[in-house]
Amino acid sequence: MGMPALRRDSHVDATPRPRLRVVKPGMRFAAAPTSKKQSPSRAHAAARDAFRFFGIIVAAVALLGIGRVWLSVQAAEASIDSTTLRREIKQERYVGDMLEIQQSALATPSRIQAIAGTTMGMAPACTVSYLDMRDSDTPSEAEVPAEIAAVSPSSGLLARAMDVAAGEAQVLLVGDVGLVSSQ
């Protein structure tokens, strides 16, 4: 028996096989650079630059969005405050108008005359005398009416009593409102 015949062709391609190597687990495998591709360090740098650019764009858009929301919140708060202030102003004007009406009702001459006549026993004046105090601090004898000049040195006491009575009359006439002017 003979051996099997082996065919030996001389026209077989003699392309070299790629070099094989053992890769351990956890070890990064880098493909051999070719002329069409960039080197791994350049590819990684380009990817990092693109990622940084994308991150900056995302951060800028996020900041603009946060700024717009903040401005919207500020505008809403200002609108609420302005509505509250308008309501308070309207209410205070109403209260001022009511006080003005009450003051004018309390200051009517007929009411003052009625209160003065009943509580203090006052009556309308028979004669009226006026003192002109514009030109000098102390009036001369010619300017002082005869009734006042005839009063004794105790006129200071009388003047104080009249001031107290006038003050009490104002308190009775005006009541809790006081002498308030709305202007």
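Since this is a predicted model, take the numbers as computed values, not measurements.

Colleague: Looking at this structure, how should I read the overall build of the protein?
Modeller: A tally of regular secondary structure across the protein gives 4 helices and 0 strands. Listing every helix and strand of the protein by position from the N terminus yields α-α-α-α. Residues counted as buried form 4% of the 183 residues belonging to the protein. For the protein, the accessible surface area stands at approximately 17300 Å², while carbon and sulfur atoms represent 62% of it.

Colleague: What am I meant to see in the pattern of salt bridges here?
Modeller: Close approach of charged atoms allows side chains of opposite charge to pair. Taken as a whole and assessed by the stated rule, the structure comprises 1 salt bridge. Across the pair R52 and D49 runs a salt bridge, and its minimum N-O distance is 3.9 Å. Pair noted here: R52 and D49 are both in helix 1 (residues 40–106), with a separation of 3 residues, about one helical turn. By relative accessible area, which is 53% here, R52 ends up exposed.

Colleague: Even after reading the chapter, I still don't get the confidence of the model for the protein, so can you show me in this structure?
Modeller: Detailed conclusions should not be drawn from predicted coordinates in areas where pLDDT is low. Residue-level pLDDT values for the protein average 77, and 68% of them are 70 or greater. When the elements of the protein are averaged for pLDDT, helix 3 (residues 146–149) gives the smallest value, 54, and helix 1 the largest, 94. Between residues 176–183, whose pLDDT stays under 50, and residues either more than four places distant or in other chains, the model counts 6 contacts.

Colleague: Where do I start with a nonpolar patch on the surface in this structure?
Modeller: Judged by side-chain polarity, Y94, V95, M98, L99 and I101 come together as a nonpolar surface patch covering roughly 470 Å² of accessible area. You can see L99 is positioned in helix 1.

Calculation notes
- Residues numbered from 1 in each chain as written.
- Predicted model: local features only at pLDDT ≥ 70, side-chain atom pairs only at ≥ 80, totals over all residues.
- Heavy atoms only, no water.
- Helix = DSSP H or I, 4+ residues; strand = E, 2+ residues; numbered from the N terminus.
- Buried < 20%, exposed > 50% of the residue type's maximum accessible area, 1.4 Å probe, protein only.
- Areas by Shrake-Rupley, 256 points an atom, 1.4 Å probe, with all protein chains shown as cover.
- Salt bridge = Lys/Arg side-chain N within 4 Å of Asp/Glu carboxyl O.
- pLDDT = per-residue confidence, 0-100.
- Contact = heavy atoms within 4.5 Å.
- Patch = residues over 30% accessible without salt bridge, like charges linked within 9 Å, V, L, I, M, F, W, Y side chains within 5 Å.

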